[in-house]
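Geometric and topological summary
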Amino acid sequence: MKLLTPKQREQWEARGFVLLPQALESETVRELTRWVEEIEVWSRGDGPGLHHFEQTDRGPRIARSENFDPHHPAISAFMRGGILADMLADLLGEPAVLFKEKINYKYPGGGGFFPHQDASAYHFADHHISCMVPLDSATVESGCLWFASDRQEGLLPNQDGRISEAWLRQARWEPVEVTPGDLVFFDSYAPHKSDTNRSDSPRRLIYLTYNAASKGDLRETYYRDKRAQFEAAGDEGPSGHVLMSINDDFLGLPVDRPTATPPAHPTQKRRTSSS
Ligand SMILES: O=C(O)CCC(=O)C(=O)O
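Residues numbered from 1 in each chain as written. Predicted model: local features only at pLDDT ≥ 70, side-chain atom pairs only at ≥ 80, totals over all residues. Heavy atoms only, no water.

Focus: the overall build of the protein chain
What counts here: What counts as a helix is a DSSP run of H or I of at least four residues, what counts as a strand is a run of E of at least two, and both are numbered from the N terminus. In this treatment the radius of gyration is a C-alpha quantity, and the globule benchmark scales as 2.2 Å times the residue count to the 0.38 power. We call a residue buried when its accessible area falls under 20% of the maximum for its residue type, exposed when it is over 50%, and partly exposed in between, using a 1.4 Å probe and counting protein chains only. A contact between two residues is defined here by any heavy atoms of the two lying within 4.5 Å. Methods summary: accessible areas were calculated by the Shrake-Rupley approach with a probe of 1.4 Å, and residue burial reflects only the protein chains presented. His is not counted here, nor are the chain ends, while Lys and Arg score as positive and Asp and Glu score as negative. A single reference atom marks each charge: NZ on Lys, CZ on Arg, CG on Asp, CD on Glu.
Check the secondary structure of the protein chain and you find six helices and 14 strands. Computed over C-alpha atoms, the radius of gyration of the protein chain comes to 18 Å, within 12% of the 19 Å expected from 2.2 N^0.38 for 275 residues, which places it in the range of a compact globule. Dimensions of the protein chain, computed from C-alpha atoms along their principal axes, come out at roughly 55 × 45 × 35 Å. Taking all 275 residues of the protein chain together, the buried fraction comes to 54%. For the protein chain, the share of sequence-separated contacts (at least 6 apart) that also reach a separation of at least 24 residues comes to 82%. Summed over all atoms, the accessible surface of the protein chain reaches about 11,700 Å², with 50% contributed by carbon and sulfur. For the protein chain, the distance from the average site of its 31 positive side-chain charges to the average site of its 40 negative ones is 2 Å.

Quick look at the pattern of salt bridges
For clarity, the cut-off: We count a salt bridge whenever a side-chain nitrogen from Lys or Arg sits within 4 Å of a carboxyl oxygen from Asp or Glu.
Here the structure, examined in full by the defined rule, presents 17 salt bridges. We note a salt bridge from arginine 58 to aspartate 200, for which the minimum N-O separation is 2.9 Å. Of the two residues, arginine 58 sits in the loop between β2 (50-56) and β3 (59-66) while aspartate 200 sits in the loop between β12 (192-194) and β13 (205-212), which places them 142 residues apart along the sequence. Relative accessible area serves as the criterion here: at 39%, arginine 58 is assigned to the partly exposed category. Here aspartate 200 falls in the exposed class, since its relative accessible area comes to 63%. What emerges from the salt-bridge pattern is a single network uniting Arg64, Glu66, Lys100 and Lys226.

Here we look at the nonpolar core
Our working rule: Buried residues of nine kinds, namely Ala, Val, Leu, Ile, Met, Phe, Trp, Tyr and Cys, make up a nonpolar core once their side-chain atoms join them within 4.5 Å.
Counting residues in each nonpolar core, the largest one holds 36 residues, and the members touching the most others are Leu32, Phe78, Leu84, Val133, Phe185 and Leu208. Sorting the residues of this core by element identifies β1 (17-20), α2 (26-42), α3 (73-79), α4 (82-92), β4 (96-104), β6 (129-134), β11 (183-187) and β13 as the ones contributing at least two each. Per-element tally for this core: the top contributor is α2, with six residues. Contact partners of valine 133, with chain neighbours within four places excluded, come to Leu24, Leu32, Phe78, Asp182, Leu183, Leu205, Ile206 and Leu208. Counting 13 residues, the second-largest nonpolar core is a separate cluster that includes Cys144, Val178, Phe186 and Ala190.

Observations regarding the side chain of histidine 72
Turning to its location among the elements, histidine 72 is positioned in the loop between β3 and α3. Owing to a relative accessible area of 6%, histidine 72 belongs among the buried residues under this scheme. Those residues in contact with histidine 72 that sit more than four places away from it in its chain are Trp35, Glu38, Ile39 and Trp42.

Things to note about the confidence of the model for the protein chain
This is how it is decided: Values of pLDDT, ranging from 0 to 100, describe the predictor's confidence in every residue of the model.
With 92% of its residues at a pLDDT of 70 or more, the protein chain has an overall mean of 91. Note that residues 260-275 has pLDDT below 50 and, in this model, 46 contacts with residues that lie over four places away or in other chains.

Examining the environment of glycine 49
One can find glycine 49 in the loop between α2 and β2. Once the C-alpha coordinates of glycine 49 and histidine 72 are considered, the two residues, 23 residues apart in sequence, prove to be 9.9 Å apart.

A few points about helix α1 (residues 6-15)
Convention followed: For this quantity, the arc is that covered by the directions from the helix axis to the C-beta atoms.
For α1, every residue scored as buried is listed here: Gln8, Trp12 and Arg15. Looking straight down α1, one finds that the buried residues subtend no more than 100° of arc, so they occupy a single side. Those residues of α1 that are exposed and aimed more than 90 degrees away from the buried face are Pro6, Lys7 and Glu10. On its buried face, α1 sits against β1, α4, β6, β7 (145-148), β10 (173-176) and β11.

Let's talk about the packing of aromatic side chains
Operational definition: Between rings of Phe, Tyr and Trp, where Trp is taken as its six-membered ring, a pair exists when centres lie within 6.5 Å; planes separated by under 30 degrees are stacked, by over 60 edge-to-face, and by other angles tilted. We call a charge positioned above a ring when the Lys NZ or Arg CZ atom is no farther than 6 Å from the ring centre and deviates by at most 35 degrees from the ring normal.
The tally for this structure, following the rule as stated, stands at ten aromatic pairs. Ring centres 4.8 Å apart and planes at 50° place the aromatic pair phenylalanine 99 and tyrosine 222 in the tilted group. Taken together, the positions of phenylalanine 99 in strand β4 and tyrosine 222 in helix α6 (residues 219-233) put the pair 123 residues apart, joining distant regions of the chain. The same class applies to phenylalanine 99 as to tyrosine 222, namely buried. Geometrically, the ring pair formed by phenylalanine 186 and tyrosine 207 is edge-to-face, given 6.2 Å between the ring centres and 90° between the ring planes. With a gap of 21 residues between them, phenylalanine 186 in strand β11 and tyrosine 207 in strand β13 connect regions that are remote in the sequence. Across the pair, exposure class does not vary: phenylalanine 186 and tyrosine 207 are buried alike. Ring pairs connect the aromatic residues Phe17, Phe147, Phe186 and Tyr207, which therefore count as one cluster. Between the NZ or CZ atom of lysine 193 and the centre of the ring of tryptophan 146, over which it lies, the distance is 5.5 Å.

Written as structure tokens, this is what we have:
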């Protein structure tokens, strides 16, 4: 099955990412938005999932939800079939299995990400492909992703997942602005970064990460390891920012950091489903 145009395939090979404009029906985007709103509600109460919060200049906000696949059958079916399964099989050369799933909400004032490669945080298999599914427009102003111009095949020198200054000095970057309905597939070695959301609207993006089925179903192992790492290290990284990943790449501030703005939102920093 040929899902990419020759130009898109060329971009994938040369850059390690590819944008598919308007690949999803608007009804699918509407359903996904409703499901993500349901998951966000879980973060405010006793709902399942793994949720991370950050301090913004407008008060504490949800930054990320993860590990919702076992608890939301409708979004699980979307993540495991349809165009995503077809595209991933095409890019990987074999069927894909889900490795992890997350929503980055990036509310106004929400933090950006230091340049990194996801591969340094994704253990247990040496290669992954992620699909970004936008629910809102992501622009330069609202903190879209920027990808490095050249494909990378291995890990770059880094400190806690942050790519070294020496490499960054020669890097060239391209913003990838997206609208709901678009899909962006990217390789786990593709260097990327993003800025603070300086707009007045949320910039919610779902990120779904997969590995080749021949490497095994590693999702539960990944989340068991991630929970253990957070229990050992806490949820503030060596850089002093909120730790949301094994990479210390997120630039959001902890919610208990004193600011001029009084908290107007739940103050819990992270909650883990017991399941
Ligand atoms: O959502 C963003 O702005 C960047 C996300 C990212 O790079 C990550 O979660 O690893």
